[in-house]
Amino acid sequence: MSHGTENLGLSVELTGGLLHDWQRRNRQATIPHAITELRKAGNLENLLRLADPSVGPYRGRYPFLDTDLYKTLEGLAYEVDRDGAVDGAPAGAREFFDEVVELLEQAQADDGYLNSYFQDPDQRKQPWSDLGWGHELYNLGHLIQAAVAAQRRLSDGRLLTIARRFADLVVDKYGEHGEEIVDGHPEVEMALVELYRETGDEDYLTQARLFVDRRGRGKLKHTIFPGEYFQDHVPFRELPSVTGHAVRMAYLAAGAADVHLETGDPTLLAALERLWDDMVATKLYLTGGLGSRHSDEAIGDRYELPSERAYAETCAAIATMQWAWRMFRATGKASYLDVYETVLYNAYAVGLSADGTAFFYDNPLQRRPDHEQRSGMEDGGELLRRAWFGCPCCPPNIIRWMSELQDHVAIHRDNTLYVGIYADARITAGDLSVKVTTDYPWDGEITLTVEDAPAEERAIALRIPWWAAGAELIAPAAAGVAEAGEVGEERIAAVEGWAVVRRTFAAGDVLRLTLPMAPRAHGSHPYLDATRGAIAVARGPLVYCVEQQDAAVPVDDLLLTPAAVTKAIARQQDDHVVLELTAGVAPAPPPELYPVLPPVLPPVLTEQTPGSAIDEVPVTFVPYFLWGNRQALAMRVWLRTERDDR
């Protein structure tokens, strides 16, 4: 895939279905809720007090709280003037947007610096004095992304002026002729590349490249955690595996991918492909979650993927999707979108409550009956999702990503429209317009209707997910071809994850894609000790789980076999699909924590073993992203597969 004509004339509007419903919830509930919480937390006062110290002391303990405003502003840039939104802009959104922008204009220092923590008159630390933990460039990154969104969506250049002044200061101070440093928290790399794309100023692209190239060369003072935590122990191209703080790692990789996209540096792409492949093969949860350690929010060793202690931070899910999207753009490989989609419907979606006003910070794949640790390691309060956090990086990140879902549905490149994520949508790619109709991810039937087409040949490429064995695409036949049993139609085979239809299309042409959605059983690699001998259930892109509310016996005693999963019945329940199946019930376990085993173990009893009848109970599995919206009880993604009398 070349990048020469990417996305020229591309426009995508979500018109219905799950992703559209998520965006409506974002407007109606999540954004108004976040505005209230940001006001309550003092984020605006932190800026206001720079001009008026009588407002009171700095609120919060972290130096990056301005980013909660920036991420929210980025989302608002999409929502305050979204064309065709039946329910209109979020309540109070425009007023909040303007108020924050005005505060930022007043707070910015004469040299362009902007950070309410380090500019605070009572703060002992000086700007740029603690790059490991100060997050000043991380703050700049989110400011830039909000500014670019405001310019592109609203034609409002106020934030862009602020962001460029700060970015120019950084280029001056840390550019090719400045001090050779990196920030402790990668993020600015992506933003600087986007600022280059928006302005054409190559200094920003150069700065992004410098930050990637300097990493791992002794430019950062490490405190509290070693260099691995910061991805700073070896140069980026020499990293043996994704490592350290999960969000930082994925943001860094996404930034490096952006640098590659603009410079064509093959050494970056080679490193990114190697790191990605290793991550997917050994360090990513079934849900697409990244990060297995609470102590340092880190990724952990290969195959270190405990279910009940999965960290899998919501921000890491967003960062992984950002990396995946850029790798798809760089290579055209459908496999990157397969992972993107898994993260979207599982590790990302689970971070937000069904009503849109409560959040998970970390996202485990199991909850034990007596578990009491709060999400985000908060004290007290709700046992499951909560309204806000002391470190509230995830809620506004959810907001901005939810607002931008349509930006990651398709790309237009070299007269080919690639549709990678399926949802009700209207897509215009230059002089080709199509309408997508589907109930995906609940149903595998996807229809594309051509609404406008040029007189010249064009191509439409549809992604065939890895799990969709037997997928069928029926399209208008090329001249003289009719293979589907109906005149004028033919079946299109998939090649490397894409089914490509190249035709001279006409208005009214219909493409019908059928993706089989049979429930499937997943096992895990034998080195993955935490889930060895267990089964997880999935259907389409969705991972399922069982909550205690939907089982008549303790979920820890449920037994599952692949055969039972294949017999599962998919049933519509409210606005989603649940899976009903029959599970076995394990006998009472021994009282000892570590019983002594006999020299000869009894045979393992399965449903195929004569005389192995065991108690069975009906169980309802719900989509993983919907767990935790009821009473705080036990939950499992992975269930045991065997009756074990040992």
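Residues numbered from 1 in each chain as written. Predicted model: local features only at pLDDT ≥ 70, side-chain atom pairs only at ≥ 80, totals over all residues. Heavy atoms only, no water.

Q: Please explain the sheet that holds strand E8 (residues 458-463) as it appears in this structure.
A: As a general point, the strands of a sheet are linked pairwise by backbone hydrogen bonds and lie either parallel or antiparallel. Overall, mixed pairing links the 5 strands, which are arranged E3-E4-E8-E12-E11 in an open sheet. Two strands bound the open sheet, and with one partner strand each, they are strand E3 (410-413) and strand E11 (494-495). Of the pairings in the sheet, the one linking strand E4 (residues 416-419) to E8 comprises 4 bridges and is parallel in character. The residue of E8 that forms the bridge with leucine 417 is isoleucine 460. Strands in contact with helix H11 (residues 314-331) are E3, E4 and strand E12 (498-503); relative to E3, the strand with the most contacts, it is inclined by about 25°. In this fold helix H12 (residues 334-348) packs onto E8 and E12, with an angle of close to 50° to the strand it touches most, E8. (Pairing = 2+ DSSP bridges. Helix = DSSP H or I, 4+ residues; strand = E, 2+ residues; numbered from the N terminus. Contact = heavy atoms within 4.5 Å. Axes fitted to C-alpha atoms, helices over the stretch in contact; angles between N-to-C directions.)

Q: What am I meant to see in a negative patch on the surface here?
A: A grouping of Asp168, Asp172, Glu176, Glu202 and Asp203 is seen on the molecular surface, where their side chains present a negatively charged patch. Those elements that provide at least two residues to the negative patch are helix H6 (158-174) and helix H8 (202-214). Its place among the elements puts glutamate 202 in helix H8. On the basis of relative accessibility, which here comes to 53%, the residue glutamate 202 falls in the exposed class. (Patch = residues over 30% accessible without salt bridge, like charges linked within 9 Å, V, L, I, M, F, W, Y side chains within 5 Å. Areas by Shrake-Rupley, 256 points an atom, 1.4 Å probe, with all protein chains shown as cover. Salt bridge = Lys/Arg side-chain N within 4 Å of Asp/Glu carboxyl O. Lys, Arg positive; Asp, Glu negative; His and termini not counted. Charge placed at Lys NZ, Arg CZ, Asp CG, Glu CD. Buried < 20%, exposed > 50% of the residue type's maximum accessible area, 1.4 Å probe, protein only.)

Q: Could you clarify how one ought to interpret the sheet that holds strand E13 (residues 510-514) in this entry?
A: The sheet built from 7 strands is open, its strands ordered E1-E5-E6-E7-E13-E9-E10 with antiparallel pairing. Two strands close off the open sheet at either side, each with one partner strand: strand E1 (10-16) and strand E10 (489-492). For this sheet the average axis-to-axis angle between neighbouring strands, irrespective of direction, equals 20°. Here strand E9 (residues 472-476) pairs with E13 via 3 bridges, running antiparallel. Each residue of the ladder has a partner; that of glutamate 472, found in E13, is threonine 514. Here helix H1 (residues 17-41) sits on the sheet in contact with E1 and strand E5 (424-429), set at roughly 85° to E1.

Q: Where do I start with the packing of H1 against helix H4 (residues 93-107) in this structure?
A: A pair of packed helices is captured by two measures, namely the crossing angle of their axes and the spacing between those axes. Where H1 meets H4, the axes come as close as 10 Å, and the angle between the chain directions of the two elements is 40°. In this structure, H1 crosses over H4, and the sense of that crossing is left-handed. Contact residues: Ile35, Leu38 and Arg39 in H1; Ala93, Phe96 and Glu99 in H4. Class assignment for the residues of the contact of H1 with H4 results in 4 nonpolar, no polar and 2 charged. (Left-handed = near helix turned anticlockwise from the far one by under 90°. Nonpolar A, V, L, I, M, F, W, Y, C, P; charged D, E, K, R; others polar.)

Q: So what exactly am I meant to see when it comes to the environment of tryptophan 22 here?
A: When you line up the elements, tryptophan 22 lands in helix H1. Excluding anything up to four places from it in sequence, tryptophan 22 contacts Leu344, Tyr345, Ala349, Met402, Leu405 and Phe625.

Q: What is the right way to read the packing of aromatic side chains from this model?
A: The description of an aromatic ring pair rests on the distance of the ring centres and on the angle between the ring planes. Overall, the coordinates contain 29 aromatic pairs when judged by the stated rule. Their ring planes at 55° and their centres at 6.1 Å tell us that tryptophan 325 and tyrosine 340 sit as a pair that is tilted. With tryptophan 325 in helix H11 and tyrosine 340 in helix H12, the pair connects residues that are 15 residues apart, well separated along the chain. On the basis of relative accessible area, tryptophan 325 is assigned to the buried category, the value being 7%. You can call tyrosine 340 buried: its relative accessible area is 1%. Through a chain of ring-to-ring contacts, the aromatic side chains of Trp22, Tyr345, Tyr422, Tyr440, Trp442 and Phe625 assemble into a single cluster. (Phe/Tyr/Trp six-rings, centres within 6.5 Å; stacked < 30°, edge-to-face > 60°.)

Q: I would appreciate a short explanation of the nonpolar core in the present structure.
A: Side chains of a nonpolar character, in soluble globular proteins, are inclined to be buried together. Ranked by internal contacts, the top residues of the largest apolar core, which has 216 residues, are Leu159 and Phe236. Beyond its immediate sequence surroundings of up to four residues, phenylalanine 236 is in contact with Val212, Arg215, Met249, Leu252, Ala253, Ala256, Leu268, Ala271, Leu272 and Leu275. (Core = buried A, V, L, I, M, F, W, Y, C linked by side-chain atoms within 4.5 Å.)

Q: Mind showing me how you'd approach unusual backbone geometry here?
A: Each neighbour pair has its own omega, and for tyrosine 440 with proline 441 the value is 10°, a cis peptide bond. With respect to the secondary-structure elements, proline 441 resides in the loop between strand E6 (432-438) and strand E7 (445-452). Phi is positive for glutamine 231, close to 55°, though the residue is something other than glycine. Structurally, glutamine 231 can be placed in the loop between H8 and helix H9 (246-263).

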